[in-house]
Amino acid sequence: GDAYGIMFRALDELKPGEVYITAGGSPDYALWGGLMSTRAMRLGAAGAVFEGMHRDTREIVNLKFPVFSLGAYA
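Residues numbered from 1 in each chain as written. Predicted model: local features only at pLDDT ≥ 70, side-chain atom pairs only at ≥ 80, totals over all residues. Heavy atoms only, no water.

Trainee: Whenever I open this one, the nonpolar core confuses me. Can you help?
Mentor: Nonpolar side chains tend to gather and get buried jointly when the protein is soluble and globular. Formed by 13 residues in total, the largest nonpolar core has its most connected members in Leu-11, Tyr-20, Trp-32 and Ala-40. When residues of this core are traced back to their parent elements, those giving at least two are α1 (3-12), β2 (30-32), α2 (34-42) and β3 (47-50). Not counting residues up to four positions away in its chain, the partners in contact with Ala-40 are Leu-11, Leu-14, Trp-32, Ala-45 and Phe-65. (Core = buried A, V, L, I, M, F, W, Y, C linked by side-chain atoms within 4.5 Å. Buried < 20%, exposed > 50% of the residue type's maximum accessible area, 1.4 Å probe, protein only. Helix = DSSP H or I, 4+ residues; strand = E, 2+ residues; numbered from the N terminus. Contact = heavy atoms within 4.5 Å.)

Structural data, given as C-alpha cells:
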C-alpha cells in the first residue's frame, strides 16, 4: 500500500479535538511538517504524536500546534 496515501487519508479524516497518532517512522525522513500541521489545525485537531521525525520546526512552533516526535529532520 501507499503509506503516505494512508497518512494523508487519516489526516483528512481528523475530527475536532482528535490527536493524529502514527507509528513506523524512520530517522531517514520526516513524517510530519508545517503543511500537515496547518491542515490538522484547520480540521480542529488537538495535536499530533508519532514515532518518527518532523520537519519545519519553526513553522510548527509559530502555529502553536502541539507536535510530539522523535526529533527534527532536515
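Trainee: Whenever I open this one, unusual backbone geometry confuses me. Can you help?
Mentor: With glycine set apart, most residues show a phi of negative sign, and most peptide bonds adopt trans. Despite not being glycine, Asp-56 shows a phi value in the positive range, around 60 degrees. Locating Asp-56 in the fold gives a position in the loop between β4 (53-54) and α3 (57-63). For Lys-64, which is not glycine, the phi torsion reads 60 degrees and is therefore positive. Its place among the elements puts Lys-64 in the loop between α3 and β5 (67-68). The exposure class of Lys-64 is exposed, given its relative accessible area of 72%.

Trainee: I would appreciate a short explanation of a nonpolar patch on the surface in the present structure.
Mentor: Residues Tyr-4, Phe-8, Tyr-29 and Tyr-73 make up a contiguous nonpolar surface patch of about 370 Å² in total accessible area. Position of Tyr-29 relative to the elements: it lies in the loop between β1 (19-22) and β2. Under the relative-accessibility criterion, Tyr-29 is labelled partly exposed at 33%. (Patch = residues over 30% accessible without salt bridge, like charges linked within 9 Å, V, L, I, M, F, W, Y side chains within 5 Å. Areas by Shrake-Rupley, 256 points an atom, 1.4 Å probe, with all protein chains shown as cover. Salt bridge = Lys/Arg side-chain N within 4 Å of Asp/Glu carboxyl O.)

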